[in-house]
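What follows is the residue order along each chain.
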Amino acid sequence: MEDIGTRRRALFRIAGLMVTAGILVTLAFLTVRPARTLAVPDGARAGQLSMSTCDYRTEAGTVRAECGTLVVPENRNDPAADLIALPVIRIPTASPQPREPVFRLGGGPGSTNMTFPQASRLTAARDVVLVGYRGVDGSRRLDCPEVAGLRHSEGDLTGAASQQAATLGFTACARRLTEDGVDLRGYSVAQRVDDLEAARTALGYQKINLVSTSAGTRTALVYSWRHPTALLRSAMIGVNPPGHMVWDPAITDDQISRYGRLCAADAGCSARTGDLAASMREVTTSMPRRWGPFAIHPGSVRAASMFAMHHNGRSSAPLNAPTVIDAYLSGPGALWAMSVLGEMQLPESIVWGEFASFAMIDAPAAQDFYRAGGDPGSVLRSDGTNFLWGGPAGFATVWPDSPDNAPYRTPQPSTTETLLISGTLDLSTPAETATRDLLPLLPRGHQVILPELGHSADFWDNADAGRHLLNTFYDSGTVDESKFGSRPVAFDPGPLTMSTIATILLGVTAGAVVLALVLSTVLIRRVRRGGFRHRTGMWLRLLTPLPLGLGGWFLAVLLIWSLDLNTFIAGTTAVIPAVSAAVGLGTWAAWIRDDRPRRTALAVSLGAAVAGAVLGHAAGATLTAPLTAILGAASAANLGLLILDHRLHHPRPAPVAAEARS
């Protein structure tokens, strides 16, 4: 029986060695694996498009589509430019007599153009075509981890240190990309437009329609100026005229005042404040700096407020205007939650290199804004603009500008039949700018201003009305917004308020810490009593790393929040020491027995846990890195102890003395 037990333990040891080593090898592979991007086909030439059958997911279900790769020059102004590849998806209509297709242009900048679940609303009579954005979707992606990383490390997203960090990040990113052979001058709006034109030509369409949203409307405008004969009609949702990637503080304040008037007419909202705009101004002017022991960063709150208030529809909750308004009327806990969520999400929400290249078309407008003194004292202090541009000395002063931009920095006339669609409560692309700057230059232009709608996502919330407005316009040029009616703003944010999120964040974090402390106490007490039996210890080494690792990490998070440290809660300095200590100690406690060397095993377990946490953190994405660090720490600590156990049971034979050999 003893031999059987010994052999069984040996088999378990070998299996454990293989599994833990396999996990670590996988994490190492994920760390060094290059990002998945398209590749330029061998022997390809500019303008080449290859297509094959694929599936595409829409809100109406998965449909058969055609997916392919378009090859274009990285910089059409350089005859020796490299070629890059862009994805193309065509969702075909079922109609036997298709009308002119719709090319979709999504917003951003710095966001993909390949996700469009609403495509099924437009395919009854026409194809829908998606062409990937250069710098985001193609074979060269302009990621700038330097920007996100430095911003994460400076706390308040719009503070002086954060703005300086953003400039340093953009400088370092531009230098690295250029040294890697990327021609940043080629990632302009004009070159993106010519990508679309190359796709239109390759697909054999004579004329096309455009549907664009937010920053994508700028692309639609430049398309109509560069290739007017290629377009039939253009519908622009959330219109962004030249010069307006810098938000006008006066218009933003006016939009907030409109919310105030609606609040006064709403029984629930008016019961909480007699003047919403004044209440919000009071909060932003005298924002509390702490919720109990936890720091609140005013700039992060105001920046998050600007982006969340772009929309007011339920589909955007909890990052929408009703939730923000509720937070401003609720107190420090809700503001703290906005500060935390803003700092976690906003730096990671954009492909910063593509954003910078696209937005450089408005660099003179940004510089004019800051030369004029910047924000004059508006409710949200222009912290949304400060976050995007990095303040007066931001990326507009260090990122390479494309010569393509100069002709398109001011609006031009266009004879393309164009529909401008705006909401009365759109803080991102207010209707006033389209009415003033574009409509007079569109002899075949129409404008629809939809009551109480925010930015572009709110338009898509009403599927029937949006389908009718767009398809009727594409069919005949008729503009019929009657199905929208009037949609009142629901000031009740629903169950997931910022106050609720604050409670959840604190409850989960503190609960995990308490659980880890209790579990650690139980393990250490058992060690003092001789340790666990082999099988029990094995299961504990499998089951305890996750709660111990999360508890250790969350303890570090609580310290960061309380001490207001300029450290990202999912960064290496927060995750690796806490996770490796908690997991390494717990793994050691589950392994150790009276017949095993305690100090040596503790050193092995902690040292291996540190190495595994470093490897695991590098293998994960920003917000999943703590979990992969826990996995790496647990695997490495177990592997180290398994090797130590093997050496204890199979010691090397002592060298034979020379006299004995003779």
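Now for a quick tour of the structure. Keep in mind it's a predicted model, so treat the numbers as computed, not measured.

## Some thoughts on unusual backbone geometry
Consideration 1: Cis rather than trans, the peptide bond between G108 and P109 has omega equal to -10°.
Consideration 2: Counting through the fold element by element, P109 comes out in the loop between β4 (102–105) and β5 (128–131).
Consideration 3: Following A317, the chain continues to P318 via a peptide bond in cis, the omega torsion being 5°.
Consideration 4: Tracing the backbone shows P318 in the loop between α9 (298–308) and α10 (321–328).
Consideration 5: Residues other than glycine seldom take positive phi values, yet S382 does so here, at roughly 55°.
Consideration 6: Structurally, the position occupied by S382 is in the loop between α13 (363–371) and α14 (383–389).
Consideration 7: Positive phi values are uncommon outside glycine, yet D564 reaches one of about 55°.
Consideration 8: Within the secondary structure, D564 sits in the loop between α20 (545–563) and α21 (572–591).

## Section: the packing of helix α18 (residues 498–528) against α20
Consideration 1: For the pair α18 and α20, interaxial distance at closest approach is 8 Å and the crossing angle is 130°. With respect to α20, the element α18 is oriented oblique. The handedness of the crossing between α18 and α20 is left-handed. Each of L506, V508, T509, A510, A512, V513, L515, A516, L519, S520 and L523 in α18 lies in contact with α20, whose residues at this interface are P547, L548, G551, G552, F554, L555, L558 and W561.
Consideration 2: Looking at side-chain class alone, the contact of α18 with α20 contains 15 nonpolar, four polar and no charged residues.

## Structural notes on the pairing of strand β6 (residues 208–213)
Looking along a regular strand, one sees side chains alternate from face to face of the sheet.
Consideration 1: Counting buried positions over the six residues of β6 gives six, a clear majority of the element.
Consideration 2: Burial along β6 is two-sided: the residues I208, L210 and S212 and N209, V211 and T213 are all buried.
Consideration 3: Bridge analysis of β6 against strand β7 (residues 231–237) gives five bridges, and the strand direction is parallel. From the neighbouring strand, V211 faces β7, where its bridge partner is A235.
Consideration 4: The parallel pair β6 and β7, bridged by helix α5 (residues 216–226), forms a crossover whose chirality is right-handed.

## Side note on the state of the cysteines
Disulfide: a covalent bond formed between the sulfur atoms of two cysteine residues.
Consideration 1: As enumerated under the stated definition, the model contains three disulfides in all.
Consideration 2: Each disulfide pairs two cysteine sulfurs, and for C144 the partner residue is C173, the sulfurs being separated by 1.9 Å. Torsion about the S-S bond of the C144 and C173 cystine: about -75°, corresponding to left-handed handedness. Linking C144 in the loop between β5 and α2 (145–152) with C173 in helix α3 (residues 160–179), this pair joins segments that are 29 residues apart in sequence.

## Here we look at the packing of aromatic side chains
Consideration 1: This structure, assessed with the given rule, holds 22 aromatic pairs.
Consideration 2: Taken together, a centroid distance of 5.2 Å and an interplanar angle of 40° make the contact between W291 and W336 tilted. On the criterion of sequence distance, the pair formed by W291 in strand β8 (residues 290–291) and W336 in helix α11 (residues 332–345) is long-range, its members being 45 residues apart.
Consideration 3: Judged by relative accessible area, W336 falls into the buried class, the value being 0%.
Consideration 4: The interplanar angle of 80° and the centroid separation of 5.1 Å between the aromatic rings of F459 and W460 together place this pair among those described as edge-to-face. Residues F459 and W460 agree in their burial class; the two are buried.
Consideration 5: Each member of the aromatic cluster is reached from another via a ring pair, and the members are F170, W247, F307, W352, F355, F387, W389, F395 and W399.

## Structural notes on α21
Consideration 1: Compared with an ideal rise of 1.5 Å per residue, which puts 20 residues at 28 Å, α21 spans 27 Å between its outermost C-alpha atoms and is within 8% of the ideal.
Consideration 2: Counting buried residues along α21, 15 of its 20 residues qualify, which places the element largely inside the surrounding structure.

## Comments concerning the side chain of D195
Consideration 1: Take D195: it is sitting in helix α4 (residues 189–203).
Consideration 2: Not counting residues within four places of it along the chain, the set of residues in contact with D195 comprises L70, V72, R76, L86, V131 and R134.

## What to know about the sheet that holds strand β1 (residues 49–58)
Consideration 1: Read from one edge of the open sheet, nine strands run β1-β2-β3-β5-β4-β6-β7-β10-β11, paired in mixed fashion. Every interior strand has two partners, whereas the edge strands, β1 and β11 (445–450), have only one. Neighbour to neighbour, the strand axes of the sheet diverge by 20° on average, direction disregarded.
Consideration 2: One ladder, built from four bridges, connects β4 with β6; its direction is parallel. For L105, the partnering residue across the bridge sits in β6 and is S212.
Consideration 3: Each of β4, β6 and β7 is contacted by α5, which is oriented at about 150° to β6, the strand it contacts most.

## Here's the deal with α3
Helical geometry: 3.6 residues make up each α-helical turn, so side chains three or four residues apart lie on a common side.
Consideration 1: In a regular helix each residue adds 1.5 Å, so 20 residues correspond to 28 Å; α3 covers 29 Å between its end C-alpha atoms and thus fits that length.
Consideration 2: All of the buried residues in α3 are S162, Q163, A165, A166, T167, G169, F170, C173, A174 and L177.
Consideration 3: If you follow the buried residues of α3, they end up packed against α2, α12 (352–359) and α14.

## Structural notes on a nonpolar patch on the surface
Consideration 1: Together, L555, L559, L563 and L565 give the surface a local cluster of nonpolar side chains, amounting to about 360 Å² of exposed area.
Consideration 2: For L559, the position within the fold is in helix α20.
Consideration 3: By relative accessible area, L559 is classed as partly exposed at 46%.

## Thoughts on a positive patch on the surface
Consideration 1: On the surface, a cluster of positive charge is made up of R526, R529, R533 and R535.
Consideration 2: On the secondary structure map, R526 appears in helix α18.
Consideration 3: For R526, a relative accessible area of 30% gives the class partly exposed.

## Details of the nonpolar core
Consideration 1: Counting residues in each nonpolar core, the largest one holds 133 residues, and the members touching the most others are F103, Y259, M309, W352, W389, F395 and W399.
Consideration 2: Per-element tally for this core: the top contributor is α11, with eight residues.
Consideration 3: Not counting the four nearest positions on each side in its chain, F395 is found in contact with F170, F355, A356, A359, M360, L388 and W389.
Consideration 4: Core analysis: the next-biggest nonpolar cluster, separate from the first, contains 28 residues, A65, L419, I421 and V448 among them.

## Focus: the side chain of R192
Consideration 1: Tracing the backbone shows R192 in helix α4.
Consideration 2: Of the polar contacts made by the side chain of R192, one reaches the side chain of E354; its length is 2.7 Å.
Consideration 3: Ignoring sequence-local partners within four residues, the contact set of R192 consists of Y133, R134, T219, E354 and F358.

What counts as what
Residues numbered from 1 in each chain as written. Predicted model: local features only at pLDDT ≥ 70, side-chain atom pairs only at ≥ 80, totals over all residues. Heavy atoms only, no water. Helix = DSSP H or I, 4+ residues; strand = E, 2+ residues; numbered from the N terminus. Axes fitted to C-alpha atoms, helices over the stretch in contact; angles between N-to-C directions. Parallel < 35°, antiparallel > 145°, perpendicular 65-115°, else oblique. Left-handed = near helix turned anticlockwise from the far one by under 90°. Contact = heavy atoms within 4.5 Å. Nonpolar A, V, L, I, M, F, W, Y, C, P; charged D, E, K, R; others polar. Buried < 20%, exposed > 50% of the residue type's maximum accessible area, 1.4 Å probe, protein only. Pairing = 2+ DSSP bridges. Right-handed = clockwise from strand over helix to strand, strands pointing away. Disulfide = S-S within 2.5 Å. Phe/Tyr/Trp six-rings, centres within 6.5 Å; stacked < 30°, edge-to-face > 60°. Expected span 1.5 Å × (residues − 1). Patch = residues over 30% accessible without salt bridge, like charges linked within 9 Å, V, L, I, M, F, W, Y side chains within 5 Å. Areas by Shrake-Rupley, 256 points an atom, 1.4 Å probe, with all protein chains shown as cover. Salt bridge = Lys/Arg side-chain N within 4 Å of Asp/Glu carboxyl O. Lys, Arg positive; Asp, Glu negative; His and termini not counted. Charge placed at Lys NZ, Arg CZ, Asp CG, Glu CD. Core = buried A, V, L, I, M, F, W, Y, C linked by side-chain atoms within 4.5 Å. Polar contact = N/O pair within 3.5 Å; in protein donor to acceptor, adjacent residues only side chain to side chain.

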